[in-house]
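If you want the building blocks of each chain, they are given just below.
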Amino acid sequence: MANQVVMPKLSPTMEEGQLSRWLKKEGDTVSMGEPIAEIDTDKATMEMQALGNGVLRKILIKEGESAPLGQVIAIIGEADEDISSLLQSAPVAAPKASKDAEDNQPVATADEDNGSSAVEAPAKTAPALNVVEEASPEPQSPDRLVVSPIAARMAAEAGVNLSSLSGSGPGGRIIKRDVEAAMSGAGNSKGSQPSATQRPASGMKSGAPAKESAITGASPYRDVPMSEMRRTIARRLVTSIGPVPHFFLTTEVEMDRAADLRQALNEVYPQQKLSLNDIIVKAVAWALMQNPDVNASFQDKVVRYYERADIGVAVATDNGLITPVIRAAESKSISEINSEIRELAERARARKLAPDEYTGATFSVSNLGMYGIDEFTAVINPPEGAILAVGAMAPKPIVKNNAIQISQIMRVTMSCDHRVIDGAVGAQFLQSFKKAMENPLRLIVPESA
C-alpha cells in the first residue's frame, strides 16, 4: 500500500525543512530505515529515513525547496500501484517562470555540495539580477552559467574564471569539486580560454584601448533563498530583542595573568593549543556556581534555576551562528573544555551536530575579540537569562598603586534578562568573573586546596 512521506521533525526547534539532497531518485527501490534524503534543519543537515518498503514513486519537493513539518514531500508504493488519489492531495509545485524572466534573470536551483540554494546567472553578466524560482534546473547553455554559492565564493577568492569550467553537477552546474579541480591544476576547463582580466571586452578588438562606459541606474543584485538556519536565527532574534527586556553591564578585566597562564599551559602542552576563550568559558562556569541566581531562565510562570553550568559557545558558520553546548563546564578542566569546543565547532561548521549538542544551554558566551572588536552587546538566546559578549584583549595604560602602567585589558558586556536577573545580581556575577580572570589559578586549584 502506498504511503505519503512527510517532512519530519528532526530537531526540537525545527518548524520547516529544506531538501538538501535526494539520495534516491524516482523508480528506486527503498527499504525501511534506509536513508532517502538529506534535510537541512535550522541547525544541521540530517538524514531522513524511509518508514516502509517499496519504490520511490514520486518526488514532490525538489532539492533546494522548503516544506513545513508534516507536508507531503514524496510517495512510496508498489511499482504498479495506483497513486493518483495520493497525488491529488499532494502540494502543487510553484508555476515555472516565464521565458522572458528566464532569459534576463538568474535562477535559484539546488546545490548538491551542501543543500543550499544555487544561483544561475547569465555568463555575460556575472553580477546577477534578482532571483526567480524554478521547479527544476535546466541544462547549462552557452549564454548561462549555473553556479552553486559555495563554488562562486571559492572561485572569487581563488581568482578562478568560472566561464572556463565545465560543471559536473546536475544540468551542467558548476559545483565545489569543479572549482577545487581547477585550483589543483587537474581542472575541467573548457579550453584555453583567457581569464576575465585577460579577455578583451565584448565587441572590442584585442589591443584597442578600453573605454569605460557610464554607470547608471541601481546596482545589479542577486537574491539567494535563506537557509533554514538563517531563517531560524531571524525568527529567534525577533522573539528575543523585542519581548525580552534586556539590560547591559560592561566591565574591564586585566588579562595579564590569564595570558601568562595560557602561555605556560601551551608550553607544557604544545599540542593542545589552548586559547583565551577556553579560560573565559571556564571562568564563566566558575562565576555561575558562585552566583547561582544568574544561572537561570524565564519560564512564563516560574524562574528556572539550573544546577550545572552548561555553556553555549557561539560559533560562526557559513550558514549562520550556532551555539554548541559545553555540558557541566564547571566540572571540566581548561584542557577538556578546549578539546570539546574544537570538536563541537568542527562538527558545527560541517552541520553534523545532534540536537542535544546545541540546545539547552544555561548561559552563552560570544567572543569577537579575534576579529579585533573592542566591545559589543550580544542578544540573549531565549530562554537563557544572560549572554556574555567578549571583546579583544589589548595593551592599555591603567592606574595601579598610584602609578601608570601598561596592562592587557579586555572589555566584556553582559546582556541580562531583567525578568530573571536584577542589576545588582548581574554586577556580582561580573565581579566573580573578573576575579577569576585576574587570578586564574582559582580555576585550576580546587577550592579546598
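Residues numbered from 1 in each chain as written. Predicted model: local features only at pLDDT ≥ 70, side-chain atom pairs only at ≥ 80, totals over all residues. Heavy atoms only, no water.

Chemist: In this structure, what is going on with the packing of helix H7 (residues 276-290) against helix H8 (residues 334-349)? I would like to understand it.
Modeler: Describing two packed helices takes the angle between their axes plus the distance from one axis to the other. Between H7 and H8, the least distance of the axes is 9 Å, while the angle of their chain directions is 115°. Here H8 runs roughly perpendicular to H7, going by the angle between their axes. For the pair H7 and H8, the crossing hand works out as right-handed. Residue-level contacts link Asn277, Asp278, Ile279, Val281 and Lys282 of H7 to Ile334, Ile337, Asn338 and Ile341 of H8. Here the residues of the contact of H7 with H8 are counted per class, giving five nonpolar, two polar and two charged. (Axes fitted to C-alpha atoms, helices over the stretch in contact; angles between N-to-C directions. Helix = DSSP H or I, 4+ residues; strand = E, 2+ residues; numbered from the N terminus. Parallel < 35°, antiparallel > 145°, perpendicular 65-115°, else oblique. Left-handed = near helix turned anticlockwise from the far one by under 90°. Contact = heavy atoms within 4.5 Å. Nonpolar A, V, L, I, M, F, W, Y, C, P; charged D, E, K, R; others polar.)

Chemist: For this particular structure, what's the right way to read the confidence of the model for the protein chain?
Modeler: One rule of thumb: low pLDDT means the predicted coordinates there are not for detailed reading. Counting all residues, the mean pLDDT for the protein chain is 78, and 73% of those residues have values of 70 or more. Contacts for the low-pLDDT stretch residues 93-143, under 50 throughout, to residues beyond four places or in other chains number 130 contacts. Below a pLDDT of 50 lies the segment residues 191-206, which in the model reaches 13 contacts outside its immediate sequence neighbourhood of four places, other chains included. (pLDDT = per-residue confidence, 0-100.)

Chemist: How should the sheet that holds strand E6 (residues 54-59) be read in this particular structure?
Modeler: By way of backbone hydrogen bonds, the strands of a sheet pair with one another, either parallel or antiparallel. Across the sheet, which stays open at both edges, the four strands sit in the order E1-E8-E6-E3 with antiparallel pairing between neighbours. Each of the sheet's edge strands pairs with one partner strand only, and the pair in question is strand E1 (3-6) and strand E3 (29-30). (Pairing = 2+ DSSP bridges.)

Chemist: Sorry if this is basic, but what is going on with the pattern of salt bridges here?
Modeler: For side chains bearing opposite charge, pairing can occur when the charged atoms are close. Per the stated rule, a full pass over the model turns up 14 salt bridges. A salt bridge links arginine 347 to glutamate 357; the nearest nitrogen and oxygen atoms lie 2.5 Å apart. Remark: glutamate 357 occurs in the loop between H8 and strand E20 (363-367) and arginine 347 occurs in helix H8; sequence separation between them is ten residues. The residue aspartate 417 makes a salt bridge to arginine 419 at a minimum N-O spacing of 2.9 Å. Overall, the relative accessible area of 35% leaves arginine 419 in the partly exposed class. Each member of the salt-bridge network shares a partner with another, and the members are Glu252, Glu375 and Arg411. (Salt bridge = Lys/Arg side-chain N within 4 Å of Asp/Glu carboxyl O. Buried < 20%, exposed > 50% of the residue type's maximum accessible area, 1.4 Å probe, protein only.)

Chemist: Whenever I open this one, unusual backbone geometry confuses me. Can you help?
Modeler: Among all residues save glycine, negative phi is the norm, and among peptide bonds the norm is trans. A cis geometry characterises the amide bond from proline 382 onward to proline 383, with omega recorded as 5°. On the secondary structure map, proline 383 appears in the loop between E20 and strand E21 (386-400). For aspartate 300, which is not glycine, the phi dihedral falls at a positive 70°. You can see aspartate 300 is positioned in the loop between strand E14 (296-299) and strand E15 (302-305). For aspartate 300, a relative accessible area of 62% translates into the label exposed. One non-glycine residue, asparagine 402, adopts positive backbone phi at about 60°. By the secondary structure assignment, asparagine 402 is in the loop between E21 and strand E22 (403-417).

Chemist: How should the side chain of asparagine 295 be read in this particular structure?
Modeler: Summarising the element assignment, asparagine 295 is placed in the loop between H7 and E14. The exposure class of asparagine 295 is buried, given its relative accessible area of 0%. A distance of 2.8 Å separates the side chain of asparagine 295 from the backbone oxygen of arginine 308, its partner in a polar contact. In contact with asparagine 295, other than residues within four places in its own chain, are Leu288, Met289, Arg304, Tyr305, Tyr306, Glu307, Arg308, Ala309 and Thr362. (Polar contact = N/O pair within 3.5 Å; in protein donor to acceptor, adjacent residues only side chain to side chain.)

Chemist: Looking at this structure, I do not really get the environment of alanine 378. What am I missing?
Modeler: Mapped onto the elements, alanine 378 comes out in the loop between E20 and E21. Along the backbone, alanine 378 and asparagine 367 are eleven residues apart, and their C-alpha atoms lie at a distance of 9.6 Å. Excluding residues within four positions of it along the chain, alanine 378 makes contact with His246, Phe248, Ser366, Ile387, Ala389 and Ser415.

Chemist: Quick question: what am I supposed to make of the packing of aromatic side chains here?
Modeler: Both the distance between ring centres and the angle between the ring planes are used here to describe each pair of aromatic rings. Throughout the structure, instances matching the rule amount to one aromatic pair. Ring geometry for phenylalanine 363 and phenylalanine 429: centres 5.3 Å apart, planes at 40°, overall tilted. In this pair, phenylalanine 363 is assigned in strand E20 and phenylalanine 429 in helix H9 (residues 423-438), connecting sequence segments 66 residues apart. Note on accessibility: phenylalanine 363 and phenylalanine 429 belong to one class, buried. One residue, arginine 419, lies across the ring of phenylalanine 298, its end atom 3.9 Å from the ring centre. (Phe/Tyr/Trp six-rings, centres within 6.5 Å; stacked < 30°, edge-to-face > 60°. Lys NZ or Arg CZ within 6 Å of the ring centre and 35° of its normal.)

Chemist: Before we go on, may I ask you to explain a nonpolar patch on the surface in this structure?
Modeler: A surface patch of nonpolar side chains, about 340 Å² in accessible area, is lined by Met370, Tyr371 and Ile373. As for its placement among the helices and strands, methionine 370 is situated in the loop between E20 and E21. Note on methionine 370: relative accessible area 56%, which makes it exposed. (Patch = residues over 30% accessible without salt bridge, like charges linked within 9 Å, V, L, I, M, F, W, Y side chains within 5 Å. Areas by Shrake-Rupley, 256 points an atom, 1.4 Å probe, with all protein chains shown as cover.)

Chemist: So what exactly am I meant to see when it comes to the sheet that holds E20 here?
Modeler: The mixed open sheet is built from six strands, whose spatial order is E13-E22-E21-E20-E16-E19. Unpaired on one side and paired on the other, strand E13 (246-254) and strand E19 (325-326) mark the two borders of the sheet. Bridge count between E20 and E21: four bridges; the pairing is parallel. Bridge pairing links serine 366 to alanine 389 in E21.

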